[in-house]
Amino acid sequence: MNLRHLFLTYQAQTSPSPVGIEIERAEGIYMYGADGKRYTDLIAGVSVSAVGHCHPKVVEAVREQTSKYMHLMVYGEFIQSPQARYAARLASLLPVELSNIYFVNSGSEANEGAVKLAKRFTGRSETVACNRAYHGSTQGAMSLMNDRRFQNAFRPLLPEVRFIDFNNFEQLPIITEQTACVLVEPVQGEAGVILPAKGYLQALRERCSQTGTLLIFDEIQTGFGRLGKLFAMERYGVVPDILTLAKSLGGGMPLGAFIASKAIMNVLQSPALGHITTFGGHPVSCAAGLAALEVILSDNLMKSVESKSRLFRKLLSDAEIEEIRGDGLLLAVELGKPERLAKFIELAYQNGIATDWFLFNDTSFRISPPLIITSQQIEETCQTLKSIIKSS
Ligand code: PLP
């Protein structure tokens, strides 16, 4: 049976031109096509595979957990060791204000839960989010994405959402005593990797504290060492009231979480079962996520992020590009024109490199590889990238 035919005929398609490569297996920073071709995963499955594909310790944790049990009961009823242990481990690494963890299945769901929690805790109904932010594709998360193309196609969406420009200090007064929460990515990912201006996250924190608004950091892309610290909030020295995680949280398995203090989280008990998920915190995902986190910590993967970032920048400095934006191993390489980027991506796959563009930036390509990438692999990759950039 022709798999490509099955893929195109029976699997829902949302893109007119999916990459459409059949991958047979993946290991470390590489994915291997059914035709034997090797692809360097320059984007870690979009910021997921921080410890690389199929890390032996993650695979072992999955094996061990599946030999005991998989799904048992809806979230939060039975004591399931992988959930309890992972929650405690995360809490031990987070500030004390962020020590209560609600596991869900995905990033969109984590943001849905976080905004629900903020509305319930503050008794307010208004939400503020940033222009050019991406928080997910479910109806609530999409309501927090100020993009007419997407929003107009799916109205009606959540009411009372107001938007501010990321890094615009003058718009902070839009956050008022009516605002339940501000949801923000500390580094905007899909906008094409936009860093916070000096003092911006602090000013946001201050305005939220003044108005009794809960500050939510969406660290779904920036978490788990990508910026050289376990979380971006450490990198920028600002603690939110609620933190949302997904992507690398599951070590390659589906997992999301929204995290707050116990005092805030407790409002989900009224009404009882204020937030329910069947599969959230799946024990196999939690076992995999915990194993991946321990690899990040014990192999000290965060320590070399900065030097690897510098190496990418240095090696690409004489390439025909306009700029490289970003921090740590979350980088955007600006090519200037959409047609150039389209050609570049096509050539990248032809030359065995998997990368992509950003939802709100079609002139840059993404570099967010597994943190385990070595200097030699960076050198090999950049050599190929440079020759492709030249031909694009
Ligand atoms: N938030 C951010 C910053 C993201 O980058 C993404 C996904 O790309 C999401 C939320 C949504 O996560 P998911 O696709 O797991 O629902």
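The residue numbers shown here count from 1 along each chain, following its written sequence. Reporting of local features is limited, given that this is a predicted model, to residues whose pLDDT is at least 70; pairs of side-chain atoms are given and counted only at 80 or more, and all residues count toward the totals for whole chains, interfaces and linings. Note that water and hydrogens are dropped before the side-chain values are worked out from all heavy atoms of the structure.

Draft legend 1. Structural context of the layout of surface pockets. With a 1 Å grid spanning the protein atoms alone, the term cavity applies to any set of points in which a 1.4 Å probe fits but cannot get out, the term pocket to an open set with protein on both sides within 12 Å along at least five of seven lines, and the term lining residue to any residue with an atom within 4 Å of a point. Grid points are joined across faces, edges and corners, and a volume is the space filled by probe spheres set on the points. Of the pockets and cavities examined, the second largest pocket occupies roughly 590 Å³. Every residue lining the second largest pocket is counted, 25 residues in all, and those nearest its centre are Tyr75, Gly76, Asn100, Ile101 and Tyr102. Mapped onto the lining of the second largest pocket, the elements with two or more residues apiece are α4 (81-93), β4 (100-104) and α10 (262-265). Classes in brief: Ala, Val, Leu, Ile, Met, Phe, Trp, Tyr, Cys and Pro nonpolar; Asp, Glu, Lys and Arg charged; the others, Gly included, polar. Class assignment of the residues belonging to the lining of the second largest pocket gives a composition of 14 nonpolar, nine polar and two charged. Numbering goes from the N terminus for both helices and strands, where a helix is a DSSP run of H or I of at least four residues and a strand is a run of E of at least two.

Draft legend 2. Structural detail: the packing of α4 against helix α11 (residues 283-298). At a minimum axis distance of 8 Å, the contact between α4 and α11 shows a crossing angle of 35°. The interaxial crossing formed by α4 with α11 has left-handed handedness. Contacts from Pro82, Gln83, Arg85, Tyr86, Arg89, Leu90 and Leu93 in α4 reach Pro283, Cys286, Ala287, Gly289, Leu290, Leu293, Glu294 and Leu297 in α11. Residues of the contact of α4 with α11, tallied by class, amount to 10 nonpolar, two polar and three charged. To obtain each axis, a line is fitted to C-alpha atoms, and for helices this fit is confined to the stretch in contact; angles are then taken between N-to-C directions over 0 to 180 degrees. Definitions for this section: a left-handed crossing has its near helix turned counterclockwise from the far helix by less than a right angle. A right-handed crossing has that turn clockwise. A contact between two residues is defined here by any heavy atoms of the two lying within 4.5 Å.

Draft legend 3. The arrangement of helix α13 (residues 338-350) in detail. For α13, built from 13 residues, the straight-helix expectation of 18 Å at 1.5 Å per residue is met to within 8% by its first-to-last C-alpha distance of 19 Å. For α13, the full list of buried residues reads Arg340, Leu341, Phe344, Ile345, Leu347, Ala348 and Tyr349. In this structure, the buried residues of α13 make contact with β3 (38-41), β13 (353-354), β14 (364-367) and α14 (375-391). A positive phi of about 80° marks Gly352, the residue just after α13. Expected helix span is taken as 1.5 Å per residue step, with the number of steps being one fewer than the number of residues. Throughout this description, buried means an accessible area under 20% of the type-specific maximum (1.4 Å probe, protein chains only), exposed means over 50%, and partly exposed covers the range between.

Don't take any of this as a statement about function, it's just geometry.
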